[in-house]
Amino acid sequence: MKLQAIHHVAIIVSDYEKSRHFYVDLLGFEVIRENFRKERGDYKLDLRLGDCELEIFGIPDSPPRPSYPEACGLRHLAFRVDNIEEVIGWLNGLGIETEPVRTDEFTGKKMTFFKDPDGLPLELHE
């Protein structure tokens, strides 16, 4: 196979500063690069978590994310964790609400969801 790994995932956010605070200050992503693209009037923020990168584009006046029924495209981002209850406690302590823990019917592992400032579903998976 010629493909080696997923390099990054990119998302568009409605409020750049709010999303930057959420991903960097609250969740602890490392900033790789942060640029204002004058010709486009938007921000591009490259973040790192482990071996994966997340690109955040702060594009003014982007249409809202469709939710229910779910539209085609990115469904959610999932984070692997060692202790889901510990991470839920940490997120709740930051004021981030989480859904009840459930068991993935295919892996038998614990999982739950929370949302970013634009309502993008984020999953914790043990």
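Let me begin by describing the structure that accompanies this report. (Residues numbered from 1 in each chain as written. Predicted model: local features only at pLDDT ≥ 70, side-chain atom pairs only at ≥ 80, totals over all residues. Heavy atoms only, no water.)

1. Comments concerning the sheet that holds strand β3 (residues 42-49)
Across the sheet, four strands lie side by side as β1-β4-β3-β2; this open sheet has mixed pairing. Each edge of the open sheet carries a strand with a single partner, namely β1 (8-13) and β2 (30-37). Here the average twist between neighbouring strands, direction ignored, is 15°. In the sheet, β2 pairs with β3 via seven bridges, with the strands oriented antiparallel. Across the sheet, residue V31 finds its bridge partner in β3, namely L47. Where helix α1 (residues 16-26) meets the sheet, its contacts fall on β1, β2, β3 and β4 (52-58), and the angle it forms with β3 comes to roughly 5°. (Pairing = 2+ DSSP bridges. Helix = DSSP H or I, 4+ residues; strand = E, 2+ residues; numbered from the N terminus. Axes fitted to C-alpha atoms, helices over the stretch in contact; angles between N-to-C directions. Contact = heavy atoms within 4.5 Å.)

2. A word on the side chain of T112
Tracing the chain through its elements places T112 in strand β7 (residues 110-115). For T112, a relative accessible area of 0% corresponds to the buried category. Of the polar contacts made by the side chain of T112, one reaches the backbone oxygen of E99; its length is 2.5 Å. Setting aside chain neighbours within four positions, we find T112 in contact with I84, I88, T98, E99, P100, V101, L122, E123 and L124. (Buried < 20%, exposed > 50% of the residue type's maximum accessible area, 1.4 Å probe, protein only. Polar contact = N/O pair within 3.5 Å; in protein donor to acceptor, adjacent residues only side chain to side chain.)

3. Here's the deal with the pattern of salt bridges
The tally for this structure, following the rule as stated, stands at eight salt bridges. Among the salt bridges present, the one from D42 reaches R37, with a minimum N-O distance of 2.8 Å. Taken as a pair, D42 and R37 share a single burial class, namely buried. A salt bridge links D46 to K44, with the nearest nitrogen and oxygen atoms 2.6 Å apart. The pair formed by D46 and K44 is uniform in burial state, with each residue classed as buried. When salt bridges with common partners are traced through the structure, they connect R33, K44, D46 and E55 into a single cluster. (Salt bridge = Lys/Arg side-chain N within 4 Å of Asp/Glu carboxyl O.)

Scope: geometric values only; no functional claims are made or implied.
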